[in-house]
Amino acid sequence: MEGIVYLYVFVLAAFTGYEVISRVPVILHTPLMSGSNFIHGVVLVGAMVVMGHADPDSPVQLAIGFFAVFLGAANAAGGYVVTERMLAMFKSDKKKGGE
């Protein structure tokens, strides 16, 4: 019965996330992504904690944990790369001092 509840929560979270993101104007996607980079770090820490509690004798649990940590790290790094590119768009091309 617990598996059904977990599946229900996952489907509900996926549907809610899709509905929330689909209603955000296009111009706000990048600033919102840069503002939520800390969430990616929390997800990464959570994946590492869960992987730390995996059974060392279960290669399936370790593989899923490694995959979760890898995806969390890639998500966090990608968020920071996009943020840097966004901030570079606002830098001035003019040199200081009127040169």
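Described below are features of the structure shown in this document. (Residues numbered from 1 in each chain as written. Predicted model: local features only at pLDDT ≥ 70, side-chain atom pairs only at ≥ 80, totals over all residues. Heavy atoms only, no water.)

Some words on a nonpolar patch on the surface
Point 1. Among the surface-exposed residues, Met1, Ile4, Val5, Tyr6, Tyr8, Val9 and Leu12 lie close enough to one another that they form a single nonpolar patch of about 840 Å² accessible area.
Point 2. Tracing the backbone shows methionine 1 in the segment before α1 (2–22). (Patch = residues over 30% accessible without salt bridge, like charges linked within 9 Å, V, L, I, M, F, W, Y side chains within 5 Å. Areas by Shrake-Rupley, 256 points an atom, 1.4 Å probe, with all protein chains shown as cover. Salt bridge = Lys/Arg side-chain N within 4 Å of Asp/Glu carboxyl O. Helix = DSSP H or I, 4+ residues; strand = E, 2+ residues; numbered from the N terminus.)

Focus: the pattern of salt bridges
Point 1. On inspection of all chains with the given rule, the structure shows one salt bridge.
Point 2. The closest approach of N and O atoms between glutamate 19 and arginine 23, which form a salt bridge, is 2.8 Å.
Point 3. For glutamate 19, a relative accessible area of 23% corresponds to the partly exposed category.
Point 4. Residue arginine 23 is classed as exposed on the basis of its relative accessible area, which comes to 64%. (Buried < 20%, exposed > 50% of the residue type's maximum accessible area, 1.4 Å probe, protein only.)

A few points about the packing of aromatic side chains
Aromatic ring pairs: the centre-centre distance and the angle between the two ring planes describe each pair.
Point 1. One pass over the structure, following the stated rule, counts one aromatic pair.
Point 2. Judged by centre distance (6.5 Å) and plane angle (20 degrees), the rings of phenylalanine 66 and phenylalanine 70 are stacked. Residue phenylalanine 66 and its partner phenylalanine 70 are located together in helix α4 (residues 59–89), separated by four residues, close to a single helical turn.
Point 3. The class for phenylalanine 66 is exposed, based on a relative accessible area of 53%. (Phe/Tyr/Trp six-rings, centres within 6.5 Å; stacked < 30°, edge-to-face > 60°.)

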